Amino acid sequence: MTIASMSPAAATRSLRRPQTLTRVASLIAFASLSACGGGGGSAAAASLAAPVAVVAAATPVAVPAPGPSPASSASPSAMPVSAAVAESPAAATPSPAATPAASGSGVLSEGDSISVFWGGSHTGLYAASHPKVTFYGKAVGGSGVNDLEARADADLALHPRLLTVLIGANDLQAVGGARAWLEQLFRYTARFKAAGVTVAVGTLLPINMPDQPRYTSVHNERRQVVNAELRAAVGHEIDAVIDFAADPVMGPDTAPLDKTLYKDGLHPTDGGPNGAGGQGKLALIYAKAVDALLT
């Protein structure tokens, strides 16, 4: 498989200070995939049981070599990026099902630090375990929907078959509100749908940082609205959802308090084979969804 990666500097950029108001974006349930427990219900489809994420880069490159994950901070003013070096490529296929063969230009993943491409992220784990799938990693730490729109031309130039997006940790609280946030996200995804690209958006994960009570409460309240709307948008603005939020382990509001799952109340812990760590659990969800969409 061919993998696109971002520069180390971009991969380690911290998340931007979350703004006071969240733009709610309900990530959508992919109707044809099997439901998984936990999280909010789907208005239009069953939730997924396997992880998907986003990465960074513009040209295919080799899988990064194993190494330690970057240090992170739980403060919104210096949000850590869960990406840097690589880890074990053994990782997370959702099931014994056959790996999809490469087709077209493969998978393009976009988003913020949770999806930055490296060996211990769900995107890196997916790429390492799917060598026949061309994978373009484009997620950048600190990104919001504004940044996705700014990268749209470069993303479209890759001519992917499938686009996956996981975004919202940085800007769901923006002054424009949830509806404005969703409209901006859908403007971005509409360009890909118009170009014939299949679009899958991930439902937003929880945040729980006791030292940031307003950030925590506003994000978690608004993500419920956003996730419901994302699920309802399947078949319209988007083609599928990767329902991370419906996972009974990673999706509940209190999940980030578990340091084995979330290192700082926001970023999932480094992933490994067979669903190890927070990112490993996301990788299982991502792989199940992406494999189904590529079949």
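The text that follows walks through the structure, step by step, so that each part is easy to find. Remember, it's a predicted structure, so these values are computed and weren't measured experimentally. Here the residue numbers are simple positions, counted from 1 along each chain's written sequence. The model is predicted, so local features are restricted to residues of pLDDT at least 70 and side-chain atom pairs to those at 80 or more, both for listing and for counting; the totals for chains, interfaces and linings are taken over all residues. Only heavy atoms go into the side-chain values, all of them from the structure, while hydrogens and water stay out.

**What to know about the overall build of the protein chain**
So, step 1. When helices and strands are counted, the protein chain shows six helices and seven strands.
So, step 2. Reading the protein chain from its N terminus to its C terminus gives the helix and strand order β-α-β-β-α-β-α-β-α-β-α-β-α.
So, step 3. Think of it in three bands: with a 1.4 Å probe and only protein chains considered, a residue is buried below 20% of the maximum accessible area for its type, exposed above 50%, and partly exposed in between. For the protein chain, the proportion of its 295 residues judged to be buried stands at 58%.
So, step 4. Here the contacts in the protein chain between residues at least 6 apart in sequence split such that 81% fall between residues at least 24 apart.
So, step 5. On the protein chain, roughly 9,800 Å² of surface is accessible, and the fraction owed to carbon and sulfur atoms is 57%. A helix here means a DSSP run of H or I that spans at least four residues, while a strand means a run of E at least two residues long, and both kinds are numbered starting from the N terminus. Throughout, a residue-residue contact means that at least one pair of heavy atoms, one from each residue, lies within 4.5 Å. What sets the accessible areas is the Shrake-Rupley method with a 1.4 Å probe; for residues, cover comes only from the shown protein chains.

**Comments concerning the nonpolar core**
Soluble globular proteins tend to bury their nonpolar side chains together.
So, step 1. Core analysis: the biggest nonpolar cluster contains 31 residues, and Val107, Tyr126, Phe244 and Tyr286 have the highest contact counts within it.
So, step 2. Counting only elements with at least two residues in this core, the list comes to α2 (122-129), β5 (162-166), β7 (240-242) and α6 (277-294).
So, step 3. Top element by residues in this core is α6. It accounts for eight residues.
So, step 4. Core analysis: the second largest hydrophobic core is formed by 28 residues, Leu108, Phe186, Tyr188 and Val197 among them. As used here, the term nonpolar core means buried Ala, Val, Leu, Ile, Met, Phe, Trp, Tyr and Cys residues forming a set that is joined through side-chain atoms within 4.5 Å.

**Some points on α2**
So, step 1. Most of α2 sits out of view: eight of its eight residues are buried.
So, step 2. Within the sequence span of α2, burial applies to His122, Thr123, Gly124, Leu125, Tyr126, Ala127, Ala128 and Ser129.

**Topic: empty space enclosed by the protein**
The probe, sized like a water molecule, is rolled over the atoms to show the empty space still left.
So, step 1. A pocket, in this scheme, is an open set of points on a 1 Å grid over the protein atoms alone with protein on both sides within 12 Å along at least 5 of 7 lines, while a cavity is a set where a 1.4 Å probe fits but cannot get out; residues line either one if an atom lies within 4 Å of a point. Grid points are joined across faces, edges and corners, and a volume is the space filled by probe spheres set on the points. What the rule picks out here adds up to two cavities of 30 Å³ or more.
So, step 2. Of the volumes computed, that of the largest cavity is approximately 80 Å³.
So, step 3. Taken together, Asp112, Ile114, Leu166, Ile167, Gly168, Ala169, Leu204, Leu205, Pro206, Ile207, His219 and Leu266 make up the lining of the largest cavity.
So, step 4. For the lining of the largest cavity, a count of residues per class yields nine nonpolar, two polar and one charged. Amino acids outside the nonpolar list (Ala, Val, Leu, Ile, Met, Phe, Trp, Tyr, Cys, Pro) and the charged list (Asp, Glu, Lys, Arg) are all regarded as polar, and Gly is one of them.

**A look at the packing of aromatic side chains**
So, step 1. Think of it this way: a Phe, Tyr or Trp ring, Trp meaning its six-membered ring, pairs with another when their centres are within 6.5 Å, and the plane angle makes it stacked under 30 degrees, edge-to-face over 60, tilted otherwise. Enumeration over the complete set of coordinates arrives at four aromatic pairs.
So, step 2. Aromatic side chains Phe117 and Phe135 sit 6.2 Å apart centroid to centroid with 35° between the ring planes, which places their arrangement in the tilted category. Remark: Phe135 occurs in strand β4 (residues 135-137) and Phe117 occurs in the loop between β3 (107-111) and α2; sequence separation between them is 18 residues. Here Phe117 and Phe135 have matching classes, each one buried.
So, step 3. Judged by centre distance (5.9 Å) and plane angle (45°), the rings of Tyr126 and Phe135 are tilted.
So, step 4. Given a relative accessible area of 0%, Tyr126 falls into the buried group.
So, step 5. The exposure class of Phe135 is buried, given its relative accessible area of 0%.
So, step 6. What links up through ring pairs into an aromatic cluster is the set Phe117, Tyr126, Phe135 and Tyr286.

**Considering the side chain of Thr269**
So, step 1. Relative to the helices and strands, Thr269 resides in the loop between β7 and α6.
So, step 2. At 2.7 Å, the side chain of Thr269 and the backbone nitrogen of Gly278 are in polar contact.
So, step 3. Sequence-distant contacts of Thr269, that is, excluding residues within four places in its chain, are made with Lys259, Thr260, Leu261, Tyr262, Lys263, Gly277, Gly278 and Gln279. Nitrogen and oxygen atoms within 3.5 Å of one another constitute a polar contact, given that in protein one can donate a hydrogen and the other can accept it, and given that sequence-neighbouring residues count only through two side-chain atoms.

**Comments concerning the pairing of strand β6 (residues 198-202)**
So, step 1. Of all five residues making up β6, four are buried, and the element is well covered by its neighbours.
So, step 2. We treat two strands as partners when DSSP finds at least two bridges between them. Sheet topology note: the β5/β6 ladder contains four bridges and is parallel. Residue Val165 lies in a different strand from β6, and its bridge partner there is Val201.
So, step 3. A crossover connection joins β6 to the parallel β7 through helix α5 (residues 213-232); in handedness this β-α-β unit is right-handed. The crossover handedness rule: strands pointing away from the viewer, path from first strand over the helix to second strand clockwise, crossover right-handed.

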